[in-house]
Amino acid sequence: MTDSAASQHRQSQPFLSLHKPTPIDGSFAGKHIVTVDQFSKADLRALFDVVFRFREGVRAGDRSLIELCATHVMASLFYEASTRTDMSFQAAMRRLGGRVIAASNGVQFSSVYKGEDLADSIRAAACYADVIVLRHPEVGSSYQAAWYLDQLGEQLGHRTLVISGGDGVGEHPTQALLDMFTIVDLKGGTSGKMITMVGDLKHGRTVHSLAKLIGRLEPKDCTLALVSPDMLQMPDYIVEYLRQRNIALVQTDTLADVLPDSDVVYWTRVQEERFDNRADYEAIRDAFVMTPDVLASAKPDMILMHPLPRKNEMGDAAQRDALDRDPRAAYFKQMENGMFVRMAILAAVLGTVKP
Amino acid sequence: MTDSAASQHRQSQPFLSLHKPTPIDGSFAGKHIVTVDQFSKADLRALFDVVFRFREGVRAGDRSLIELCATHVMASLFYEASTRTDMSFQAAMRRLGGRVIAASNGVQFSSVYKGEDLADSIRAAACYADVIVLRHPEVGSSYQAAWYLDQLGEQLGHRTLVISGGDGVGEHPTQALLDMFTIVDLKGGTSGKMITMVGDLKHGRTVHSLAKLIGRLEPKDCTLALVSPDMLQMPDYIVEYLRQRNIALVQTDTLADVLPDSDVVYWTRVQEERFDNRADYEAIRDAFVMTPDVLASAKPDMILMHPLPRKNEMGDAAQRDALDRDPRAAYFKQMENGMFVRMAILAAVLGTVKP
Amino acid sequence: MTDSAASQHRQSQPFLSLHKPTPIDGSFAGKHIVTVDQFSKADLRALFDVVFRFREGVRAGDRSLIELCATHVMASLFYEASTRTDMSFQAAMRRLGGRVIAASNGVQFSSVYKGEDLADSIRAAACYADVIVLRHPEVGSSYQAAWYLDQLGEQLGHRTLVISGGDGVGEHPTQALLDMFTIVDLKGGTSGKMITMVGDLKHGRTVHSLAKLIGRLEPKDCTLALVSPDMLQMPDYIVEYLRQRNIALVQTDTLADVLPDSDVVYWTRVQEERFDNRADYEAIRDAFVMTPDVLASAKPDMILMHPLPRKNEMGDAAQRDALDRDPRAAYFKQMENGMFVRMAILAAVLGTVKP
């Protein structure tokens, strides 16, 4: 972008302080969803109840579901590739009978690529849709959207909502919610459990948000094991946050220390780009590849989670096939739960269901 | 494209004379929409009544709307980026309960880019859809579409309709209709009003069509002020057309001459590319930037319109923010009206509502 | 793709033997559609009855159709451009009231282009959709999809189906079905008829599958004329297959030998790339261009078919226009039938209609 073009553009970062996310506090209707910090323990419980109900309904082919959002329109604005989140939200809205609009030609062929300001693109979509799902590389972009949507709402007399589909290295709230729901779904919750997070815990957006939600649920006798290379450890502010909530912490760079006792293993990728020199990466790489041999020493009833997509952090094609057949592999159930969680969020903020 | 490939292609221009647009003349059902010349004063009045009804219905969540086009399919064919028009038509069709199809991968990844003839692509879409919205860079492309669709209709026994979403520097009829509707909506019409158009009035497709529609409504005591650099004045044939309809005209290159008396200001961009040398552009540029300071001298109850997207013709980000908060800024309401106008056009030509 | 990336990827070819397509054998519900070999004579008859019914229903605006798949979601996964097949399937699903999801930004902007494995992308879509339409350049890709979907189904407790939208030079079953239906529709079937296939019969996926289906219907007194350059003749295994079903065969490189007696002419392109040197191509090219002059010597009640898109195999724009106006030109009806055939397939495998 040229300097003059840049001078035309609002930056997203400042909106992190300009827009104050509204706590759900028992009432979802009419609220933007930009951070997991909006959800209290009770809000999570109430939301998850709806998720369970919607999942049953979808599986039973319950036709009343497609009446819930039949008159609502969702705009899908994805400024970077995230096929899962994108299709998951589309399917969620459609399974509620809702309508979805998006740039037919893809956003890379759209006005935004002609240098249009995000604030203007967001308000354009808001003129047509009741809710916008925004995926954008800039941290704070969903806060920026919320801020402009509130202003526009006063002018138009009705307010369009934004749900963050992930903003850069910032937050991806619905990913964290579906991760948390999956643990509740498959392990009955986090109390008395050891949850192990593995990989790049320093930059991993999903593990940060999930850790926050685990703390939010105030589990009893819960241990959180953080397995990462020394230079990629969980940030102090999150570690501190977890300590305050009496969550036992184990920090190590050796999976073997904690795998045998883990009830949940949340696996993520360690990217070579994060290392200053290739040697450092080579030295630890193999310790952060999950394979059937590695999983052999895990509990028979544990679950292996992963946000997906995956590359080489689960070995080669043959090793992945073997892992996928293991009943402990929970990542596809996790992905499917994403759709049900997003159905609940959409219906809740649109006010067509009351969690 | 190679010469031989080119020789394979029909040109759109000739179809401007081959296809004769059908006047609406009180009956919208089954008619292609390719130019504003199809609409009489009575047709506009009748259409706008439907627009008002549909807008009320959408705001009230009226479920009967989604029954109107529940069995109809619209194909969205956009051969150039126009996210607003595209999403506006999608939302319009969906708020009528209609279905929308488009090339999943975007047209730039589709047959058309493999050198297929527009006439063949149009007829392919026509085999699947009841109505096609076409956006194409060639003037006359929507006329070409209409011509082939009429032929195909005889062969298939049912006819698919085309609605122009803008053809190059030609026409963009639904944009003109939504502009006209917004003036009727917010100012009660054009009689006794001063409408001021500012910017590149020579090449501006939207101002040409809007000027025609203003004349069509035969307003009483209406003044049209045309503010542009000398070299970018409104074409004579439109000026002549307006004179014949007793519309008072003021032509100037100085906004200050007319701004204080204007009831409607329609702002458009002056593009540097239009000038032979940079100096000429530099000389006038600042006179064609709308800012809060400029708007200060306008009437308290006037409205500021803009077709959007906008670049630097409304100043920098901070100045745009200030303008957007001004109650006279009507461009977002104008954009929202676009969806309601397109709902009315779609339902009317599909015969599911009778204006 | 880098070697290491490649080593991450499963190849599709092996799945041609790993996945055994299930014969329809009177029951469509819950079956993947990957090859025409799944269809018996009775299956084709039963399917075509549904196609006729659906076509009548659509033309009559029968609202009961949009109830059939109202709670179902179809994922459209197109890894190469095929706008017709893509839009045809979308329209088919939507005319059944079904919902469609796809990557908003097009697959070329999606995870798959970030080097994700097809097996993972397919399973992601399967977590959100009830049926996947897959178009992929690799032979066996739809078999691979079916294989992984069956595995995933065991894990999730419900199975998503795949319908092939064409896999490379492999099969394109729904194209063959719509071609066969069109012959039944417009000529009452193949018994007593001469069906002439023209063009590159060696590499032509569509003519191979259509030839198989013609054999499958066990026509009486049917002649199949195969017109191609010597080096582009129909493969022996198909010729053999047809002989076994007592279908009279004529093989020639001269259309004039058979055109006057043909009831159906299925025209396809001869691509220059198939020839070792340009001279060979120049020598035969003109003999494989259909024009109004060529069609003049055909029966008045024959039909001219073509899978489309077409390039120069039907002459220049003017010649194509003339052909398109000829009542014997059946390729647009053929294309429209594609939507009705796909409606029948979708409703049948989803179990919402019983052929």
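Bear in mind that the values here come from a model prediction, so they are computed numbers and not experimental data.

The rules behind these values
Residues numbered from 1 in each chain as written. Chains lettered and ligands numbered in written order. Predicted model: local features only at pLDDT ≥ 70, side-chain atom pairs only at ≥ 80, totals over all residues. Heavy atoms only, no water. Salt bridge = Lys/Arg side-chain N within 4 Å of Asp/Glu carboxyl O. Helix = DSSP H or I, 4+ residues; strand = E, 2+ residues; numbered from the N terminus. Buried < 20%, exposed > 50% of the residue type's maximum accessible area, 1.4 Å probe, protein only. Contact = heavy atoms within 4.5 Å. Buried area = accessible area lost by both parts, 1.4 Å probe. Polar contact = N/O pair within 3.5 Å; in protein donor to acceptor, adjacent residues only side chain to side chain. Phe/Tyr/Trp six-rings, centres within 6.5 Å; stacked < 30°, edge-to-face > 60°. Lys NZ or Arg CZ within 6 Å of the ring centre and 35° of its normal. Least-squares fit on C-alpha atoms with pLDDT ≥ 70 in both. Domains from an automatic or database assignment. Nonpolar A, V, L, I, M, F, W, Y, C, P; charged D, E, K, R; others polar. Axes fitted to C-alpha atoms, helices over the stretch in contact; angles between N-to-C directions. Parallel < 35°, antiparallel > 145°, perpendicular 65-115°, else oblique. Left-handed = near helix turned anticlockwise from the far one by under 90°. Pairing = 2+ DSSP bridges. Expected span 1.5 Å × (residues − 1).

1. Comments concerning the pattern of salt bridges
All names here are of chain B. Inspection of every chain in the model, using the stated rule, returns 72 salt bridges over all chains. The partner of Glu-282 in a salt bridge is Arg-278, with the nearest N and O atoms 2.8 Å apart. In this pair, Glu-282 and Arg-278 are both assigned in helix α11 (residues 278–285), 4 residues apart and thus about one turn of the helix distant. Residue classification places Glu-282 among the partly exposed positions, given a relative accessible area of 29%.

2. Things to note about the interface of chain C and chain B
Listed per partner, the contact involves 41 residues of chain C and 39 residues of chain B. Between chain C and chain B, roughly 3,500 Å² of surface is buried when both sides are summed, and carbon and sulfur atoms account for 47% of that area. The interface formed by chain C and chain B holds 5 salt bridges in total. At the surface where chain C touches chain B, the tally comes to 12 residue pairs in polar contact (both at pLDDT 80 or more).

3. Some words on the packing of aromatic side chains
In this structure the tally under the stated criterion is 24 aromatic pairs over all chains. Among the aromatic residues, those joined into a ring-pair cluster are Phe-15, Trp-147 and Tyr-148 of chain A. Across the ring face of Phe-89 of chain B, the terminal group of Arg-342 of chain B is positioned such that the distance to the ring centre comes to 4.9 Å.

4. Considering the relation of the copies chain B and chain A
Rotating chain B by 120 degrees and moving it 0.0 Å along the rotation axis overlays it on chain A with an RMSD of 0.0 Å. Such a combination of turn and shift is consistent with a three-fold rotation axis. Comparing interface residues between copies, only 10% of those in chain B also lie at the interface in chain A; the contact surfaces differ.

5. Some remarks on the relation of the copies chain C and chain B
Rotating chain C by 120 degrees and translating it 0.0 Å along the rotation axis places it on chain B, where the RMSD comes to 0.0 Å. Different-surface contact between copies: only 10% of interface residues of chain C are shared with the interface of chain B.

6. Here's the deal with the domain arrangement of chain A
Residues and elements named next belong to chain A. Domain boundaries in chain A define domain 1 (22–171 + 336–349) and domain 2 (173–335). If you average the C-alpha positions of domain 1 and of domain 2, the two centres end up 27 Å apart. Both sides together, the interface formed by domain 1 and domain 2 hides about 2,400 Å², and carbon and sulfur atoms give 62% of it. Counting the contacts that link domain 1 with domain 2 gives 5 salt bridges. Here Lys-212 ties to Glu-171 by a salt bridge, and the two come within 3.8 Å at their closest N and O atoms. If you list the elements that add at least two residues to the side of domain 1 that touches domain 2, you get α3 (41–59), α5 (83–95), β4 (161–167) and α14 (331–349). A breakdown of the residues in the side of domain 1 that touches domain 2 according to their chemical character gives 15 nonpolar, 8 polar and 9 charged.

7. Considering the interface of chain B and chain A
On the side of chain A, 39 residues touch chain B, which itself brings 42 residues to the contact. Between chain B and chain A, a total of about 3,600 Å² is buried, with carbon and sulfur atoms accounting for 47% of that surface. Across the pair Glu-67 of chain A and Arg-63 of chain B runs a salt bridge whose closest N-O atoms are separated by 2.7 Å. Where chain B meets chain A, there are 12 residue pairs in polar contact (both at pLDDT 80 or more). Mapped onto the side of chain B that touches chain A, the elements with two or more residues apiece are β1 (73–78), α5 (83–95), α13 (317–325) and α14 (331–349) of chain B. Tallying contributions element by element places α5 of chain B first for the side of chain B that touches chain A, with 9 residues. Residue classes in the side of chain B that touches chain A are distributed as 16 nonpolar, 10 polar and 16 charged.

8. Considering the packing of helix α8 (residues 173–187) of chain C against helix α9 (residues 205–216) of chain C
All names here are of chain C. It is the contact of α8 with α9, at a shortest axis distance of 9 Å, that shows an interaxial angle of 55 degrees. The angle between the axes of α8 and α9 places the two elements in the oblique class. Judged by the twist between their axes, the crossing of α8 over α9 is right-handed. Of α9, the residues touching α8 (which contributes Gln-175, Ala-176, Leu-177, Asp-179, Met-180 and Ile-183) are Thr-206, Ser-209, Leu-210, Leu-213 and Ile-214.

9. So, the sheet that holds strand β9 (residues 303–305) of chain A
Residue and element names in this part refer to chain A. If you walk across this open sheet you meet the 5 strands as β7-β6-β5-β8-β9, and the pairing is parallel. The open sheet has two edge strands with one neighbour each: β7 (248–252) and β9. Ignoring which end each strand starts from, the neighbouring axes of this sheet average 15 degrees apart. Each of β5 (194–198), β8 (264–267) and β9 is contacted by helix α8 (residues 173–187), which is oriented at about 170 degrees to β9, the strand it contacts most.

10. Quick notes on helix α5 (residues 83–95) of chain C
Since the α-helix turns once every 3.6 residues, residues separated by three or four places project in the same direction. Residue and element names in this part refer to chain C. Along its 13 residues, α5 runs 18 Å from first to last C-alpha, staying within 8% of the 18 Å computed at 1.5 Å per residue. Burial within α5 is extensive, with 13 of its 13 residues counted as buried. Two residues or fewer past α5, Gly-97 is found with a positive phi of approximately 80 degrees.

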